[in-house]
Amino acid sequence: MPHQRFPKVEILSLQPHEIKFVLSETDTSVANALRRIMIAEVPTLTIDLAEFTENTSVSNDEYIAHRLGLIPVRYQPVDSVKGTDCSEAFVDFRDCVCYEHCERCSVEFDLDVTYTSTDEDVLAPLTVTSKSLISNNENVQIAHFLSPEEQDEAQDDGIAIVKLGPGQKLILKAIARMGIAKEHAKWSPVAVATYRFWPEIHINEEECATLTIEQKQMLVDACPDRVLELDSLTGELKAVENAWDLVTYTEELDHAQKSLKKRPEDDDFCRITPSTDRFIFYIESTGSMD
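Everything in this summary refers to the structure shown in the same document. (Residues numbered from 1 in each chain as written. Predicted model: local features only at pLDDT ≥ 70, side-chain atom pairs only at ≥ 80, totals over all residues. Heavy atoms only, no water.)

Section: the layout of surface pockets
Then step 1. When its volume is computed, the largest pocket comes out at roughly 380 Å³.
Then step 2. Among the secondary structure elements, those contributing two or more residues to the lining of the largest pocket are strand E1 (8-15), strand E2 (18-24) and strand E14 (270-285).
Then step 3. As for the second largest pocket, its lining consists of 16 residues, of which Arg-74, Ala-143, Phe-145, Leu-146 and Ser-147 are closest to the centre.
Then step 4. The class makeup of the residues in the lining of the second largest pocket is seven nonpolar, six polar and three charged. (1 Å grid on protein atoms, 1.4 Å probe; cavity = no way out; pocket = protein on both sides within 12 Å on 5 of 7 lines; lining within 4 Å. Points joined across faces, edges and corners; volume = space filled by probe spheres on them. Helix = DSSP H or I, 4+ residues; strand = E, 2+ residues; numbered from the N terminus. Nonpolar A, V, L, I, M, F, W, Y, C, P; charged D, E, K, R; others polar.)

Here it is in C-alpha cells:
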C-alpha cells in the first residue's frame with residue numbers, strides 16, 4: 001500500500017487578484033492536478049453569444065464577438081464584499097428548461113454606442129470599452145480592471161473592445177453563460193496558474209573550509225540568482241534569506257565548482273536541488289473572481 005500523505009498549504013501572500021502559497025507533503029501528480037483544476041474546471045460566467053443589431057465599425061461581427069468573450073465577467077452579490085462562485089446562482093444552460101436563455105442560466109449585456117461627432121477637425125477615433133456593457137443583473141458586472149493600481153495607470157475607462165470613427169455605431173446584445181475552460185479558454189478564471197519546485201540548498205561546510213575567501217566569493221559571484229552570500233564576520237558561505245524565491249536552477253554555479261575542485265570526484269561545495277514534495281504556487285486571477 002502506498003505511503004499516505006496529508007498535503008498542507010502555507011499562504012505566502014494573498015491579494016484580491018493574486019495569491020502565492022506553498023503546497024507541501026505531496027507529490028508532483030497532486031500539484032499538477034491542482035493547477036489543472038484551477039485552470040480548466042472552476043466555473044465562471046463569460047460572454048458566450050453576441051447578437052448584433054448594427055455594426056458599422058471596421059471590425060467584423062466575429063472579431064468583436066471574440067473580444068467580448070475574453071472580457072472577464074464578475075459575479076458578486078450586492079451584499080457581498082468579495083466575488084464568489086457563480087455555480088450556486090446559475091445553472092448550466094444545457095440543463096436549463098428555458099427555450100433560449102433566461103435569468104436562471106444567463107445574463108444579458110446591452111451595448112449601444114454611436115460616434116456622433118460632427119466636427120470635421122476631430123479625427124481621433126472613439127474607443128468603445130467594457131464600460132458600455134450594461135448588465136441586466138445587478139449581481140453580475142464586468143471586471144474592468146484587475147486592481148486599483150491598474151485602473152490608475154489605464155488610458156481608457158475599461159477594456160477596449162473596438163474603435164469607432166465619426167458616424168459609425170455599434171449596437172449589440174451580449175449573453176453571458178456559465179461554463180468551464182475545458183470547453184473554451186475564455187471561461188478560465190486565472191491568467192497565470194503555475195508552480196515550481198521548492199529549492200533545497202545544501203552547503204558542504206567541510207569542503208567549503210578548504211576554500212579561501214577569494215574562492216568563496218567566486219562561488220557567490222558565479223551564481224546569477226544570488227542565492228549565496230559570504231558572512232562578513234565568520235567568512236562562511238550561507239544561503240541568503242528568502243533564497244527560495246530566487247532560485248532558477250542555473251548551471252553557472254556547477255561550472256564554477258568544477259573549476260575549484262582538486263579532483264573531479266570530490267563532493268560539491270554547494271548543491272541546489274529541487275524538492276520532490278514541496279511546491280511554490282503563483283496564481284493570478286483574470287478578475288472574474290478573487
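Moving on, there is more to tell.
What about the nonpolar core?
Then step 1. Counting 26 residues, the largest nonpolar core has Phe-109 and Leu-133 as the members making the most contacts within it.
Then step 2. Mapped by element, the contributors of at least two residues to this core are strand E3 (44-55), helix H2 (61-69), strand E4 (73-75), strand E5 (106-114), strand E8 (140-142), strand E9 (160-164) and strand E10 (169-179).
Then step 3. Counting residues per element, this core draws most heavily on E10, which supplies five residues.
Then step 4. Dropping the residues within four chain positions of it, Phe-109 is found in contact with Ile-47, Val-73, Leu-133, Ile-134, Ser-135, Val-140, Ile-142, Leu-172, Lys-173, Ala-174 and Ala-176.
Then step 5. If you look at the next biggest cluster of nonpolar residues, it comprises 16 residues, including Leu-211, Leu-219, Leu-237 and Cys-270. (Core = buried A, V, L, I, M, F, W, Y, C linked by side-chain atoms within 4.5 Å. Buried < 20%, exposed > 50% of the residue type's maximum accessible area, 1.4 Å probe, protein only. Contact = heavy atoms within 4.5 Å.)

Some remarks on the pairing of E1
Then step 1. Relative to E2, E1 is paired through seven bridges, and the arrangement is antiparallel. When the bridges of E2 are listed, Ser-13 appears paired with Lys-20.
Then step 2. Between the antiparallel neighbours E1 and E2 lie two residues. (Pairing = 2+ DSSP bridges.)

Points about the pattern of salt bridges
Then step 1. On inspection of all chains with the given rule, the structure shows 15 salt bridges.
Then step 2. The residue Asp-245 makes a salt bridge to Lys-20 at a minimum N-O spacing of 3.6 Å. Remark: Lys-20 occurs in strand E2 and Asp-245 occurs in the loop between strand E13 (237-239) and helix H6 (252-260); sequence separation between them is 225 residues.
Then step 3. Notably, a salt bridge pairs Asp-231 with Lys-238, separated by 3.6 Å at the nearest N-O pair.
Then step 4. In the salt-bridge network here, residues are joined through shared partners; they are Lys-20, Arg-196 and Asp-245. (Salt bridge = Lys/Arg side-chain N within 4 Å of Asp/Glu carboxyl O.)

Describing the packing of helix H5 (residues 213-222) against H6
Then step 1. With their axes 8 Å apart at the nearest point, H5 and H6 run at an angle of 160 degrees to one another. Here H6 runs roughly antiparallel to H5, going by the angle between their axes. Crossing angle aside, the handedness with which H5 passes H6 is right-handed. Together, Gln-215, Met-218, Leu-219 and Ala-222 of H5 and Glu-252, Leu-253, Ala-256, Gln-257, Ser-259 and Leu-260 of H6 make up the contact between the two elements.
Then step 2. Each residue belonging to the contact of H5 with H6 can be placed in one class, and the counts come to six nonpolar, three polar and one charged. (Axes fitted to C-alpha atoms, helices over the stretch in contact; angles between N-to-C directions. Parallel < 35°, antiparallel > 145°, perpendicular 65-115°, else oblique. Left-handed = near helix turned anticlockwise from the far one by under 90°.)

A few points about a negative patch on the surface
Then step 1. Negative charge collects at one region of the surface, where Glu-149, Glu-150, Asp-152 and Glu-153 lie side by side.
Then step 2. Locating Glu-150 in the fold gives a position in helix H3 (residues 148-153). (Patch = residues over 30% accessible without salt bridge, like charges linked within 9 Å, V, L, I, M, F, W, Y side chains within 5 Å. Areas by Shrake-Rupley, 256 points an atom, 1.4 Å probe, with all protein chains shown as cover. Lys, Arg positive; Asp, Glu negative; His and termini not counted. Charge placed at Lys NZ, Arg CZ, Asp CG, Glu CD.)

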